[in-house]
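# Fold and contact review
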Amino acid sequence: MPGVDSFSLPREWVPDEAWDLVEAVRGWADREVIPVRQQIDEDWEAHELVKPLLKSLCCDLGYQQACWPEQYGGLGIDGVTSCLLLEEMSRADSGLATAASCSIWAMSAVFPPEDNPHIMEHFTPKFLDKERWYVGCVALTEPHSGSDIENVDGTHGRFIRTRATLDGDEWVVNGHKLWPTNSGGVGDVFCTLCTTDPNAGDDGVAIIYVPADTPGVTQSKPYRKAGMNGDANGDIWFENARVPVEFRAHGPGKDAARARAMVTSGNVGTAAQSIGVMKNLYELVKDWCDTRIVAGKPLKEHSITAATLADIVTSIEVSRAETYLKARMLDRPDVYGRRDTPEMLARTRVTKLFVSDQLTKVVNQVMDLMGSYGYARESDVEKHWRDSKIMSLWMGGRALPQLDIARWFFEATEY
Ligand SMILES: Cc1cc2nc3c(=O)[nH]c(=O)nc-3n(C[C@H](O)[C@H](O)[C@H](O)COP(=O)(O)OP(=O)(O)OC[C@H]3O[C@@H](n4cnc5c(N)ncnc54)[C@H](O)[C@@H]3O)c2cc1C
């Protein structure tokens, strides 16, 4: 019988060892998250429910260790496996998926092969601690703009206001970031995009790791949002926060490339999350259309409904094809080139733009088919509807992906 596992997947790209992990995360989602996911919205500030769920996933189940590089004691799962895990988490709650994956995303700037051994050796025991979920946070967005900071190839760091100054063997960081996933008091270390000189082009862009307990670092309470409450977002202020000189990811030029690589990975991750939500929407609407009797027969037996159902499945099928193609390409730099290039950024911007748009469309189609029941809290569609819109808004909204795509495919230079 067709179900949530019926969507096409290039199975020969999935390593054998991935399936146990996928099953374990599916079990976590089904047993621990789906029964309580409606309560996550009320828990937006205290995270009394959210913290144990994330600890269970990241520590007990070993998600954080699975994503950690093999050279440093992790399993070093590939991008295809990461996407499958993100689908499973997001099928249950995309906010929890965001929090868990962004913790690791924060360290990806120093993952091999371009690792920074000092940073890796310092943070590995913390991130692999089974007793406490140690949390990473990628601090890019600033009060005046998120896009201008993330627009690596359009602005070359000139609008970054968070400043890093070298003083002896320490970086002194001053600035204000806001909105990052795992801020709002949750994060333990901030992967902070700063400038050493806003007029130095890519050479002035610096990625500096600042632990949250560094004197001079403060965080606000979480913001109240429409959804995505498994993730906490707030302000982070850096006032003369001092960290060792080795806590800069790499150095002039390289940090800008790593920032681009992080956006590239984030594009594919966002798409995988979007697919996970769409798969749950498929489950919910399938059940509804099987049992809802309209004009004397099940809703799915009306040809006008069939047109929408086919459209929903087409969105998921094409999104999966696009997402796993790009995940595979990133896993094979020997064939397709490095992920830190404008080319790979543009190719994966297509993925993020297209797939998050499909999600926005599908969630509305499903709600249309479910009528008022879809709009009710208890349906879970309403939760996905509120949680999911941000996936097309973050990382520069819709405009920044469009600019990155046109910039590379059309060799445009003016923006
Ligand atoms: C749940 C959640 C999680 C988040 N996670 C993170 C995170 O982990 N790290 C982080 O740093 N931030 C994070 N953010 C912030 C988010 O990434 C930013 O809000 C987003 O990138 C857009 O920035 P902005 O809101 O400042 O809008 P702006 O950058 O001001 O953009 C406003 C509008 O202008 C458009 N635009 C942008 N550039 C151009 C251009 N050159 N030309 C024309 N139009 C343009 C945009 O598409 C958008 O429509 C998160 C936000 C939320 C709600």
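The structure presented is a predicted model; accordingly, all values stated were derived computationally and were not measured. (Residues numbered from 1 in each chain as written. Predicted model: local features only at pLDDT ≥ 70, side-chain atom pairs only at ≥ 80, totals over all residues. Heavy atoms only, no water.)

### A word on the environment of Glu 378
- Summarising the element assignment, Glu 378 is placed in the loop between α12 (342-375) and α13 (381-388).
- The spacing of Glu 378 and Gln 38 is 340 residues in sequence and 7.5 Å in space, taken between C-alpha atoms.
- Leaving out residues up to four positions away in the same chain, Glu 378 has contacts with Gln 38 and Tyr 373. (Helix = DSSP H or I, 4+ residues; strand = E, 2+ residues; numbered from the N terminus. Contact = heavy atoms within 4.5 Å.)

### Description of the domain arrangement of the protein chain
- The domain architecture assigned to the protein chain consists of domain 1 (11-127), domain 2 (136-253) and domain 3 (255-409).
- In this structure, domain 2 and domain 3 have C-alpha centres spaced 28 Å apart.
- At the junction of the two partners, domain 2 supplies 21 residues and domain 3 supplies 20 residues.
- Overall, the association of domain 2 and domain 3 removes approximately 1700 Å² of surface from exposure, summing both partners, and the carbon and sulfur fraction of that is 59%.
- Looking only at domain 2, the three residues that lose the most surface to domain 3 are Glu 150, Asp 153 and Met 228, adding up to 35% of its buried area.
- At the boundary of domain 2 with domain 3, the tally comes to two salt bridges.
- For Asp 255, the salt bridge goes to Arg 248, with nearest N and O atoms at 2.8 Å.
- Linking domain 2 to domain 3 there are twelve residue pairs in polar contact (both at pLDDT 80 or more).
- Secondary-structure elements contributing two or more residues to the side of domain 2 that touches domain 3 are α7 (147-150), α8 (152-155), β4 (189-195) and β5 (205-211).
- Its residues placed into classes, the side of domain 2 that touches domain 3 shows ten nonpolar, seven polar and four charged. (Domains from an automatic or database assignment. Buried area = accessible area lost by both parts, 1.4 Å probe. Salt bridge = Lys/Arg side-chain N within 4 Å of Asp/Glu carboxyl O. Polar contact = N/O pair within 3.5 Å; in protein donor to acceptor, adjacent residues only side chain to side chain. Nonpolar A, V, L, I, M, F, W, Y, C, P; charged D, E, K, R; others polar.)

### So, the site of the ligand
- Taken together, 22 residues surround the ligand, and among them Val 138, Leu 140, Thr 141, Gly 146 and Ser 147 come closest.
- One of the side-chain nitrogen or oxygen atoms of Thr 141 is found 2.7 Å away from a nitrogen atom of the ligand.
- The contact in question runs from an oxygen atom of the ligand to an N or O atom on the backbone of Ala 399, over 3.2 Å.
- Across the complex, the protein chains shield 68% of the 990 Å² of accessible surface that the ligand would expose by itself.
- Counting only elements with at least two residues in the shell around the ligand, the list comes to α7, α14 (390-393) and α15 (399-409).
- Its residues assigned to classes, the shell around the ligand shows eleven nonpolar, eight polar and three charged.
- Per-domain counts for the shell around the ligand show at least three residues from each of domain 2 (136-253) and domain 3 (255-409). (Near = heavy atom within 4 Å. Areas by Shrake-Rupley, 256 points an atom, 1.4 Å probe, with all protein chains shown as cover.)

### Notes on the nonpolar core
- Formed by 115 residues in total, the largest nonpolar core has its most connected members in Met 89, Met 107, Phe 123, Ile 207, Ile 208 and Tyr 209.
- Ranked by residue count, the leading element in this core is helix α9 (residues 254-291), at 15 residues.
- If we ignore the near neighbours within four places in the chain, the residues touching Ile 207 are Ala 109, Cys 191, Thr 192, Leu 193, Phe 247, Arg 248, Ala 249, Asp 255, Arg 258, Ala 259 and Met 262. (Core = buried A, V, L, I, M, F, W, Y, C linked by side-chain atoms within 4.5 Å. Buried < 20%, exposed > 50% of the residue type's maximum accessible area, 1.4 Å probe, protein only.)

### Let's talk about the side chain of Ser 108
- Turning to its location among the elements, Ser 108 is positioned in the loop between α5 (94-105) and α6 (117-127).
- The exposure class assigned to Ser 108 is buried, which follows from its relative accessible area of 17%.

### Description of the packing of helix α10 (residues 303-331) against α12
- It is the contact of α10 with α12, at a shortest axis distance of 9 Å, that shows an interaxial angle of 155 degrees. Looking at the two axes, α10 sits roughly antiparallel to α12. The crossing of α10 and α12 is left-handed.
- Taken together, the residues of the contact of α10 with α12 sort by class into twelve nonpolar, nine polar and five charged. (Axes fitted to C-alpha atoms, helices over the stretch in contact; angles between N-to-C directions. Parallel < 35°, antiparallel > 145°, perpendicular 65-115°, else oblique. Left-handed = near helix turned anticlockwise from the far one by under 90°.)

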